[in-house]
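Structural features, examined
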Amino acid sequence: MQQKKLAFIGAGNMSRSIISGLIQSGYSQENILASNPSTPKLDALKKDFGIHTSQSNDEACQFADAIVLAVKPQMMGEMCQALQNNNLSDKLFLSIAAGLPVARLQAMLGGDYPVVRIMPNTPSLLGKGMSGMYADDKVSAADKQYVDDVMGSVGETVWVEQEEGINGVIAAAGSSPAYFFLFLQAMQEEAMNMGFEKDIARKMVQQAMLGAAEMVCHNQNLELSELRAQVTSKGGTTAAACNTLIDEGLSDTVAKAMRAAVARAEEMAKQL
Ligand SMILES: NC(=O)c1ccc[n+]([C@@H]2O[C@H](COP(=O)([O-])OP(=O)(O)OC[C@H]3O[C@@H](n4cnc5c(N)ncnc54)[C@H](OP(=O)(O)O)[C@@H]3O)[C@@H](O)[C@H]2O)c1
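Counting of residues starts from 1 at the beginning of each chain's written sequence and follows it residue by residue. Side-chain atom pairs in this predicted model are given and counted only at pLDDT of 80 or more, local residue features only at pLDDT of at least 70, and totals for whole chains, interfaces and linings cover all residues. Neither water nor hydrogens contribute to the side-chain values; these are computed over all heavy atoms in the structure.

**Thoughts on the site of the ligand**
- Residues are classed as near a molecule or strand on a simple rule: at least one heavy atom within 4 Å of it. Taken together, 23 residues lie near the ligand, and Asn-36, Ser-38, Lys-41, Asn-57 and Val-71 sit nearest.
- Lys-41 has a polar side-chain atom sitting 2.6 Å from an oxygen atom of the ligand.
- Within the side chain of Asn-57, one N or O atom sits 2.9 Å away from a nitrogen atom of the ligand.
- Accessible surface is estimated by sampling points in the Shrake-Rupley manner with a 1.4 Å probe; for residues, cover comes only from the protein chains shown. Bound to the protein, the ligand loses 78% of the 900 Å² it would expose on its own.
- Under the DSSP-based scheme used, a helix requires at least four consecutive residues in state H or I and a strand at least two consecutive residues in state E, with every element numbered from the N terminus. Looking at the shell around the ligand, the elements that each hand over two or more residues are helix H1 (13-24) and helix H4 (73-83).
- Tallying contributions element by element places H4 first for the shell around the ligand, with three residues.
- Put simply, Ala, Val, Leu, Ile, Met, Phe, Trp, Tyr, Cys and Pro go in the nonpolar bin, Asp, Glu, Lys and Arg in the charged bin, and everything else, Gly too, in the polar bin. Here the shell around the ligand is composed, by residue class, of 14 nonpolar, seven polar and two charged. Two N or O atoms count as a polar contact when they lie within 3.5 Å, although within protein this holds only if one can serve as hydrogen donor and the other as acceptor, and sequence-adjacent residues are included solely when both atoms are side-chain atoms.

**Regarding the UniProt feature "binding site: NADP(+)" (unreviewed entry) in the protein**
- UniProt positions are given in the numbering used here, feature names are shortened, and annotations may be inferred rather than shown by experiment. Here the UniProt feature "binding site: NADP(+)" (unreviewed entry) sits at Ile-9, Gly-10, Ala-11, Gly-12, Asn-13, Met-14, Ala-70, Val-71, Lys-72 and Pro-73. For the residues just named, distributed over 65 residues, the greatest C-alpha separation is only 14.2 Å, placing them together at one site.
- Looking at the element boundaries, Ile-9 is found in strand S1 (residues 6-9).
- Contacts are residue-level and defined by heavy atoms, with any inter-residue pair within 4.5 Å sufficient. Aside from chain neighbours lying at most four places away, what touches Ile-9 is Ser-35, Asn-57, Ala-60, Ile-67, Val-68, Leu-69, Ala-70, Val-71, Met-79 and Leu-83.
- Here Ala-70 lies in the loop between strand S4 (66-69) and H4.
- Using a 1.4 Å probe on the protein chains alone, a residue whose accessible area is under 20% of its type maximum counts as buried, one over 50% counts as exposed, and one in between counts as partly exposed. Since its relative accessible area comes to 15%, Ala-70 is described here as buried.
- Not counting chain neighbours up to four residues away, the residues in contact with Ala-70 comprise Ile-9, Gly-10, Ser-15 and Ile-96.

Given below as structure tokens:
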């Protein structure tokens, strides 16, 4: 992987997970800096990964060829505007913020700089992430490859051709770990209603999810409906459960939820 000087502005959950993946992939700690206003997360990053840290975003700018904008979307305007005190020409920007279009980020940064939008998810922490990416036409092919390598160090990557596609990535992958957690929570609660202790209920549902996820990944030649069919005996218990989910409108509910995520991303683009 190409080793640019890479700065993370905002040392929160997502930055930590990407930094962890990069270090495990052999990216030199000397080439990574994280900046954050408060010190506890910086201290932990320095201790765990040996990277450079700073409380100054200006220092991050001066250090880096490529800058990951990793603060909450609501903080992005103020933070980017303050970066304008630095010479930003020749910098490549990687934004992981939900809802903020390239044009808006460029306006916040005060220039037509190359920006890649990245939508990662929290399983990146375990190297099992899914990141969708969009590059505006100012980003070179070599820089796209660089960003692909960076995010590839924490999981799988896909590129979308149109910027709106990023909102679909949010719905399908950025936010979706939470949908699975919610589903499991409901299953855990019902298992407890059936008399299981909380930890046993959790053990059963999490192992079933892990096994199901592994089966999905290891059987790319099988449709998801075929994997379901393998569990489902005619007239049996699985059919009774799945028919209930289907009859109660699971597909429609999931579609509505994903459209709500897209709608919220569109709303944030207008508000921020
Ligand atoms: N979490 C997810 O599942 C997920 C998935 C995809 C994308 N994202 C995006 O990733 C971004 C970061 O999310 P996160 O979950 O990592 O949030 P987070 O853990 O809250 O991290 C944000 C960090 O930014 C720091 N910060 C605040 N103002 C700053 C400033 N002016 N300069 C530098 N750092 C500043 C915060 O520091 P203090 O804590 O000291 O205030 C905090 O450490 C968001 O834009 C979000 O949309 C998140």
